[in-house]
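Fold and geometry: a report
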Amino acid sequence: MTVVVFGIDALDPDIVDPVDHPNLVLDSHAAIETITSVAGEPSTHELWPTIITGLPPEEHGLKLDDGVAWENPLLRTGSTVADSVLPDAVQTRLGAWLLNNTDEDAFRMPASYYEERGLSTLLDGEHRRAIGVPNYVVEDTEDREHQLRRQMGELFERDPDATGGHESADPETFYEQCMEMAMVRTARVRRALRSRRHELVFGYTSGLDLIGHVSHDRPALQERAYRELDEVVGELRDDLREGDELVLVSDHGLQEGLHTDEAMVAATDPGVVDAVDGVRDVRAAIESLLDEGGHEPEQRDDRAGGLESEAVREQLEDLGYV
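As the structure is a prediction and not an experimental result, all values here were calculated from the model.

With that settled, the discussion passes to the sheet that holds strand β3 (residues 128-131). What the six strands build is an open sheet, ordered β2-β10-β7-β1-β6-β3; its pairing is mixed. The sheet is open, and its two edges are formed by β2 (28-33) and β3, each paired on a single side. Averaged over all pairs of adjacent strands, the angle between strand axes in this sheet comes to 15 degrees, irrespective of strand direction. Examined bridge by bridge, β3 and strand β6 (residues 200-205) share four bridges and lie parallel to one another. Pairing of A130 across the sheet is with F202, part of β6. This element, helix α2 (residues 44-53), spans β1 (3-8), β6 and β7 (245-249) of the sheet and lies at about 170 degrees to β6.

All told, the structure shown has 10 salt bridges when counted by the stated rule. It is possible to trace a salt-bridge network through shared partners that takes in R128, E199, R283 and E287.

Residue placement: A267 occurs in strand β10 (residues 262-267). For A267, a relative accessible area of 1% gives the class buried. Expressed as a C-alpha distance, the spacing of A267 and N23, which sit 244 residues apart in the sequence, is 9.8 Å. Setting aside its immediate chain neighbours within four residues, A267 contacts V25, L26, D27, S28, L246, V247, V272 and V273.

Relative to each other, helix α10 (residues 207-214) and helix α11 (residues 219-238) sit at 165 degrees, their axes nearing to 9 Å. Viewed along their axes, α10 and α11 adopt a mutual orientation that is roughly antiparallel. For the pair α10 and α11, the sense of crossing is left-handed. On α11, the residues touching L208, I211 and G212 of α10 are L221, Q222, A225, Y226 and L229. Of the residues that constitute the contact of α10 with α11, the class distribution is six nonpolar, two polar and no charged.

On to a negative patch on the surface, then. Taken together, D14, E33, D261, E262 and D277 make up a surface patch of like negative charges. Within the element layout of this structure, E262 appears in strand β10. Taking the relative accessible area as the measure of exposure, E262 reaches 32% and is therefore partly exposed.

With that out of the way, let us pick up the environment of R218. Assignment of secondary structure puts R218 in the loop between α10 and α11. With a relative accessible area of 36%, R218 lands in the partly exposed category.

What counts and what doesn't
Residues numbered from 1 in each chain as written. Predicted model: local features only at pLDDT ≥ 70, side-chain atom pairs only at ≥ 80, totals over all residues. Heavy atoms only, no water. Pairing = 2+ DSSP bridges. Helix = DSSP H or I, 4+ residues; strand = E, 2+ residues; numbered from the N terminus. Axes fitted to C-alpha atoms, helices over the stretch in contact; angles between N-to-C directions. Contact = heavy atoms within 4.5 Å. Salt bridge = Lys/Arg side-chain N within 4 Å of Asp/Glu carboxyl O. Buried < 20%, exposed > 50% of the residue type's maximum accessible area, 1.4 Å probe, protein only. Parallel < 35°, antiparallel > 145°, perpendicular 65-115°, else oblique. Left-handed = near helix turned anticlockwise from the far one by under 90°. Nonpolar A, V, L, I, M, F, W, Y, C, P; charged D, E, K, R; others polar. Patch = residues over 30% accessible without salt bridge, like charges linked within 9 Å, V, L, I, M, F, W, Y side chains within 5 Å. Areas by Shrake-Rupley, 256 points an atom, 1.4 Å probe, with all protein chains shown as cover. Lys, Arg positive; Asp, Glu negative; His and termini not counted. Charge placed at Lys NZ, Arg CZ, Asp CG, Glu CD.

Structure (structure tokens):
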């Protein structure tokens, strides 16, 4: 049996509707508290490390020092000096320029960061699989979502003066790119679930967040993204077997191009939702589910399991990712 956690960046409890989005609310759902960064809004950079450790940013150490992830690898070695000699506005604009004009990406702290600092995480253990979790990089290879994030160019540019801090030269094309990101991450999570080799599969996608940042004046784009994502998560939900559990979690909401101060959790087990008041509670709730549910990897060499894995592989091949 397997617990699947799917992190959907910016899944907003005020936008999700049980009638229109039944697969995004599962059997139970709720708005939960998040944490605001020094930039004045919740930060992806800080929050996913909080979700997997249960610790606030000041304890896990991955903090946003300005509005643009100053932990960018090109800046990390000089950030201490920069903090003392560069005004915040200059740091923000320099960070924006680097993200727009280089191949560097944010949120790429290696998983070894936690072990080196004596920090335990929800993802520790031989049979726990992480797929694209921000600031928990477990391998050097990149999947299609990483590649698309690094190739956005004018489709998604940092602009501290724009609503939501971003602008797009072609929002419709950008929408298609973001939904492709969400679909490939969902397919990877489905494949990991169907392998029956893991007690926990924790996947993540940023597609909904990215669309939200450029759709502040095009609300129909964000509405379409929620409907389509509901269908994609429905395919993942259909893969669950008896004893499997699915949990959806976000780090914050997003409305009118800006992060909001509420996140969301949904689960096939209502007890998970009851146990989570805020992002810091997610880890403990998932650990309890793993402990109480007898979830463990299965050794599967049967013909049916092989057919299921092949079906997911064929889907990835059709999308051009294998």
